There are 2 protein chains.
Amino acid sequence: MSKNIVKPSILPGFMELTPQSQMLFNNMMDTVRKNYEKFGFLPIDTPVIEKTEVLLAKGGGETEKQIYRVVKGSTEMSLRFDLTVPLARYVAQHYSELAFPFRRYHIAKVYRGERNQRGRFREFYQADIDIIGNGSLDIINDAEIPSVIYSTFKDLGFDNFTIRMNNRKILTGFFSSLGVEDPHVVMRAVDKLEKIGLEKVTEELLANGIDKDSIESIIGFIGIKGSPAEIIDSLNSLNIEHEVFLEGVKEIGTVVGYLKLFGVPEKNYALDLTIARGLDYYTGTVYETILNDYPDIGSVCSGGRYDDLASHYTNQKLPGVGISIGLTRLFYQLEEAGIISSENYHLSKVLVIPMEGYSAEGIQLAAKLRAEDVYAQIYLEDAKLGKKFNYADKLGIPYVAVIGEEEKSSGMYTLRNMKTGEQTRLSIEGVIQKLREIH
Amino acid sequence: MSKNIVKPSILPGFMELTPQSQMLFNNMMDTVRKNYEKFGFLPIDTPVIEKTEVLLAKGGGETEKQIYRVVKGSTEMSLRFDLTVPLARYVAQHYSELAFPFRRYHIAKVYRGERNQRGRFREFYQADIDIIGNGSLDIINDAEIPSVIYSTFKDLGFDNFTIRMNNRKILTGFFSSLGVEDPHVVMRAVDKLEKIGLEKVTEELLANGIDKDSIESIIGFIGIKGSPAEIIDSLNSLNIEHEVFLEGVKEIGTVVGYLKLFGVPEKNYALDLTIARGLDYYTGTVYETILNDYPDIGSVCSGGRYDDLASHYTNQKLPGVGISIGLTRLFYQLEEAGIISSENYHLSKVLVIPMEGYSAEGIQLAAKLRAEDVYAQIYLEDAKLGKKFNYADKLGIPYVAVIGEEEKSSGMYTLRNMKTGEQTRLSIEGVIQKLREIH
């Protein structure tokens, strides 16, 4: 019988990790989830496939070009490209079953047929939280969101990061006060400041018909730096009597005022008047998060306040505020930069290795350890001892316990530390205690 | 501006839960994962979309009809329909990076365009473990698998369940010893015994050209009942000198012998000579798991031993043994039968409700609790107290703490039990301690 071998490979642009890296990735995902849950966010899980008309209700653009269509039967179906559209659909559909403010988290894969390039993935995890109000949502929520970001990134092992905030109303109001017809034109240019520099931004503004005086004002405006209090003072001293502008300044003042109460240290947040984020979506507070030691990674957690989540699916007004972490990209970048490493990462604390004829004793030891919630793996194959030790090393398992006649007759076990080679002779209680202490 | 409202709905055959039920589902998934990890199984996560030629390497049949095709660009892509094919591809592809025996778990969604009927889902979670050997894999592994099933279902809250086992070699060997040309024909018929009854099985065997004497022997064979030891005795006393049969009997004897050492109680396993499972896949031990109080649910965890995992992707011989739990279907059935309920299930231990003007104190209390790992949610909206209490009830949050002038000035907090109405006045340390005790 001749056999056809199909080359085992995955599609380009898809991430697949070794088990070792996967453990580290899952640990990151668990940390994010735990923090989201700690603040009262509830889990949802929506279908990966949805009706195309639902996913594209907002109307095409870039999204439509990147969407993966699914074919089976006659219904037009596609894979979700973010977790926001499914949230909007979910809230509109289950409106009467939900308690508002509705706090949900959603950690799941999304799909985008992006151009294939290093570090860009076509299947990736997003980890989102949103707080959705029914008709209205207090501005204090906008201050709780950064406290979730803070708590999460601290737990992920970071210390030196900055949550940059702005308020879209400040931008819209200020540009309108200059008589700029379409503030989006200015925002789009200003948003690129970090990437393309001041000169190119000026060129773009001129090309869009903004007059020189206004450009000067805009440059002065985006040049406002300092502590949050100083920036708010500077904004107030501009003496702009534009309603939207004033509302924005008031909101950001409230958010900053509450941040301290939420326990976010001053060194971990800042105001930045150049941040605009998604142009046609956010309407108030916006967030970006920068790892200060690795600014090239860009924002690792972004989001903001929006007026109306689900206007394409319901007439209910549902304002909200939320953030998203692109977990797959973040993990890839952290590993590439050597910031995290899966080396020596492990789940099993010990590899139990029975000598020939002592598998019964080995199995019983492993069973006892697991009964005490100590993760333990047993090596059941026939092989030389060196190969078995090598197996423990390869899997990063920190201890091995070899089981033979001595262990059987004495009831004492020898734990070998696979890093130092150090051996400790212990009773079963001693083994349990020692292995419990490892992290 | 006229607005087009798209009806918010999902595709038929897809499960979507309320946040309350989702918490319960996630808890079930976490329990399964924890047990898998405790036994040294490592996580993998493969792309949901794969090349169609990879997914269908084994060749079509029912699978091909149920597959969801994905369209984007020119590559033929599809959604995975199980986790076994991706495992085979993964092991073949990453062969040189893996340590064997390779123990992996995989908990993820798979897709099958099944006929739409109640309790059948087109997107569902599978929770699989497999142990893959490089060239060979010791039979003791076949005894460890039931110990994982036992540990998992105990932790899921079940006590009265039976892991039914058989060995395909016993069946193949026995039917061959009768001179049956294609033992699969008999197995296919016998496999239906529980569903269609003895009479119909006999009819099917006759229709397939099995002679009456053989049928009588087969009926005698599948009538063998008793404890594992009794069944093995009966099999031995059949005095069948067929090599494959004898190997099967020896294997099942070894497995049963080791089960006790692995800590599986006798009441939780049984031998059942009528079990065959997937016909063209398993080659040795096979498993089914029945919740004895709910036999109608059918097997909740099935699997077995196979000779060669990845023959379509590599010439390496990779024998293995594994099981799968269909989590979505299991959850649906348990909830439908009222065996599990999400009522009063919660993540947040307390809802902090600040009175008007006391949000600062409320926020600080919530922040302190979270810093001590107590899950706490704060209610920040302007609303009447009754509405806020109702919110806690709706979310199943067990305690509320109202924060006002008294709490501010005394530093003492009143926890109200939302079920009993009982109120307890406590210091912050007391609040932390009390909330930590709740499960």
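Reading guide: rules and limits
Residues numbered from 1 in each chain as written. Chains lettered and ligands numbered in written order. Predicted model: local features only at pLDDT ≥ 70, side-chain atom pairs only at ≥ 80, totals over all residues. Heavy atoms only, no water. Helix = DSSP H or I, 4+ residues; strand = E, 2+ residues; numbered from the N terminus. Buried < 20%, exposed > 50% of the residue type's maximum accessible area, 1.4 Å probe, protein only. Contact = heavy atoms within 4.5 Å. Areas by Shrake-Rupley, 256 points an atom, 1.4 Å probe, with all protein chains shown as cover. Pairing = 2+ DSSP bridges. Core = buried A, V, L, I, M, F, W, Y, C linked by side-chain atoms within 4.5 Å. Axes fitted to C-alpha atoms, helices over the stretch in contact; angles between N-to-C directions. Least-squares fit on C-alpha atoms with pLDDT ≥ 70 in both. Phe/Tyr/Trp six-rings, centres within 6.5 Å; stacked < 30°, edge-to-face > 60°. Buried area = accessible area lost by both parts, 1.4 Å probe. Salt bridge = Lys/Arg side-chain N within 4 Å of Asp/Glu carboxyl O. Polar contact = N/O pair within 3.5 Å; in protein donor to acceptor, adjacent residues only side chain to side chain. Expected span 1.5 Å × (residues − 1). Bend = angle between axes of the 7 residues up to and from the residue. Parallel < 35°, antiparallel > 145°, perpendicular 65-115°, else oblique. Left-handed = near helix turned anticlockwise from the far one by under 90°. Nonpolar A, V, L, I, M, F, W, Y, C, P; charged D, E, K, R; others polar.

Asker: Got a minute to help me understand the overall build of chain A in this structure?
Answerer: Counting its secondary structure elements, chain A contains 16 helices and 16 strands. Taking the principal axes of the C-alpha coordinates as reference, chain A spans close to 90 × 60 × 45 Å. Counting every position in chain A, which comprises 439 residues, the buried fraction comes to 58%. Relative to all contacts within chain A whose residues are 6 or more apart in sequence, the contacts with residues 24 or more apart total 68%. By element, 46% of the accessible surface of chain A is carried by carbon and sulfur atoms, the whole surface being about 18,400 Å².

Asker: I keep staring at the environment of Gln-423 of chain A and nothing clicks. Help me out?
Answerer: All names here are of chain A. Within the secondary structure, Gln-423 sits in strand E16 (residues 423–426). Taking the C-alpha atoms as reference points, Gln-423 and Val-400, 23 residues apart in sequence, are found 9.6 Å from one another. Excluding residues within four positions of it along the chain, Gln-423 makes contact with Thr-414, Leu-415 and Arg-416.

Asker: Sorry, what's going on with the sheet that holds strand E10 (residues 302–306) of chain B here?
Answerer: Hydrogen bonds between backbone groups are what pair the strands of a sheet, and the pairing can be parallel or antiparallel. Residue and element names in this part refer to chain B. Across the sheet, which stays open at both edges, the eight strands sit in the order E1-E5-E6-E11-E10-E9-E7-E8 with mixed pairing between neighbours. On the outer flanks of this sheet lie strand E1 (42–43) and strand E8 (269–271), each paired with one strand and no other. Pairing analysis gives three bridges linking strand E7 (residues 161–167) to E8, with the strands arranged parallel. Bridging across to E8, Arg-164 finds its partner in Ala-270.

Asker: What am I meant to see in unusual backbone geometry here?
Answerer: Negative phi is the rule for most residues except glycine; trans is the rule for most peptide bonds. All names here are of chain A. In this model, Phe-100 is joined to Pro-101 through a cis peptide bond whose omega is -5°. A positive phi angle is found at Asn-239, which is not glycine, with a value near 55°. Structurally, the position occupied by Asn-239 is in the loop between helix H10 (228–236) and helix H11 (243–261). On the accessibility criterion, Asn-239 (59% relative accessible area) is exposed.

Asker: Explain the nonpolar core here, please?
Answerer: By size, the foremost hydrophobic cluster in this structure holds 102 residues, and its most contacted members are Leu-369 of chain A together with Tyr-36, Phe-153, Phe-175 and Phe-221 of chain B. By residue number, the principal contributor to this core is helix H12 (residues 243–261) of chain B, which donates seven residues. When near neighbours in sequence (up to four residues on either side) are disregarded, Leu-369 of chain A contacts Val-350, Val-374, Ala-376, Ile-428, Val-431, Ile-432 and Leu-435 of chain A. Core analysis: the next-biggest nonpolar cluster, separate from the first, contains 101 residues, Phe-39, Ile-218, Ile-252 and Val-300 of chain A among them.

Asker: What's the story with the sheet that holds strand E13 (residues 376–378) of chain B in this structure? I'm lost.
Answerer: Residues and elements named next belong to chain B. The strand order across the open sheet formed by five strands is E13-E12-E14-E15-E16, and the pairing between neighbours is mixed. In this open sheet, the two strands that pair with only one neighbour each are E13 and strand E16 (423–426). Adjacent strand axes in the sheet meet at a mean angle of 25° when their direction is disregarded. Bridge count between strand E14 (residues 399–403) and strand E15 (residues 413–417): three bridges; the pairing is antiparallel.

Asker: What is the right way to look at the environment of Met-412 of chain A in this model?
Answerer: Residue and element names in this part refer to chain A. Within the secondary structure layout, Met-412 lies in the loop between helix H15 (405–410) and strand E15 (413–417). Along the chain, Met-412 and Glu-429 lie 17 residues apart, while their C-alpha atoms are 9.8 Å from each other. Not counting the four nearest positions on each side in its chain, Met-412 is found in contact with Glu-407, Arg-425, Leu-426 and Ser-427.

Asker: I would appreciate a short explanation of the relation of the copies chain A and chain B in the present structure.
Answerer: Copy one and copy two of the chain differ by a rotation about a common axis and a shift along it. Under the fitted operation, chain A is carried onto chain B by 0.0 Å of movement along the axis and a turn of 180°, and the coordinates agree to an RMSD of 0.1 Å. When the rotation and shift are considered jointly, the pair of chain copies conforms to a two-fold rotation axis. Taking C-alpha positions as reference, the residue of chain A nearest the rotation axis is Val-70 of chain A, located at 2.3 Å. An overlap of 100% is found between the interface residues of chain A and their copies at the interface of chain B, pointing to a shared contact surface.

Asker: What is the right way to read the pairing of strand E5 (residues 102–111) of chain A from this model?
Answerer: Residue and element names in this part refer to chain A. The element E5 is extensively covered by neighbouring structure, given that nine of its 10 residues are classed as buried. Where strand E1 (residues 42–43) and E5 come together, two bridges link them in parallel fashion. Paired with Leu-42 across the strands is Arg-104, a residue of E5. Two strands pair when backbone bridges link them, and E5 and strand E6 (residues 123–132) are joined in this way by 10 bridges, in the antiparallel orientation. By the bridge assignment, Val-110 is partnered in E6 with Phe-124.

Asker: Any chance you could explain the packing of aromatic side chains here in plain terms?
Answerer: Aromatic ring pairs are reported here in terms of the distance separating the ring centres and the angle at which the planes meet. One pass over the full model with this rule turns up 32 aromatic pairs over all chains. Taking 5.3 Å as the distance between ring centres and 45° as the angle between the ring planes, the aromatic pair formed by Phe-25 of chain A and Tyr-125 of chain A counts as tilted. With Phe-25 of chain A in helix H1 (residues 19–38) and Tyr-125 of chain A in strand E6, the pair connects residues that are 100 residues apart, well separated along the chain. With a centroid separation of 5.0 Å and an interplanar angle of 25°, the aromatic rings of Tyr-281 of chain B and Tyr-306 of chain B are classed as stacked. In this pair, Tyr-281 of chain B sits in the loop between E8 and strand E9 (285–291) while Tyr-306 of chain B sits in strand E10, placing the two residues 25 residues apart along the sequence. Since its relative accessible area comes to 2%, Tyr-306 of chain B is described here as buried.

Asker: Where do I start with the interface of chain A and chain B in this structure?
Answerer: How big an interface is tends to be expressed through the accessible area that disappears when the partners come together. On the side of chain B, 102 residues touch chain A, which itself brings 102 residues to the contact. Carbon and sulfur atoms make up 58% of the surface buried where chain A meets chain B, a total of about 9,000 Å² over both sides. Where Arg-89 of chain A meets Glu-16 of chain B, a salt bridge forms, and the shortest distance between an N and an O atom there is 2.7 Å. The interface formed by chain A and chain B contains 42 residue pairs in polar contact (both at pLDDT 80 or more).

Asker: Please explain helix H8 (residues 193–207) of chain A as it appears in this structure.
Answerer: Note: α-helices contain 3.6 residues per turn, so residues at a spacing of three or four share the same orientation. Residues and elements named next belong to chain A. Its 15 residues give H8 an end-to-end C-alpha distance of only 16 Å, which falls more than 12% under 21 Å, the value for a rise of 1.5 Å per residue. Its axis deflected by about 75° at Glu-199, H8 carries its strongest bend there. Residues of H8 that are buried include every one of Leu-193, Val-201 and Leu-205, and no others. Tucked into the core, H8 has its buried residues touching helix H7 (183–191) and helix H9 (212–222). Positioned one or two residues after H8, Gly-209 has a phi angle of 80°, which is positive.

Asker: How do you make sense of the packing of helix H6 (residues 168–177) of chain B against H12 of chain B when you look at a structure like this?
Answerer: For any two helices packed against each other, the geometry is given by the interaxial angle and the distance between the axes. All names here are of chain B. Remark: H6 packs on H12, axes separated minimally by 7 Å, with the N-to-C direction vectors making an angle of 155°. Taken as axis vectors, H6 and H12 run roughly antiparallel relative to one another. Crossing geometry of H6 relative to H12 is assigned as left-handed. Of the residues in H12, those in contact with Lys-169, Ile-170, Thr-172, Gly-173 and Phe-174 of H6 are Val-244, Phe-245, Glu-247, Gly-248, Val-249, Glu-251 and Ile-252. A per-class count over the contact of H6 with H12 returns six nonpolar, three polar and three charged.

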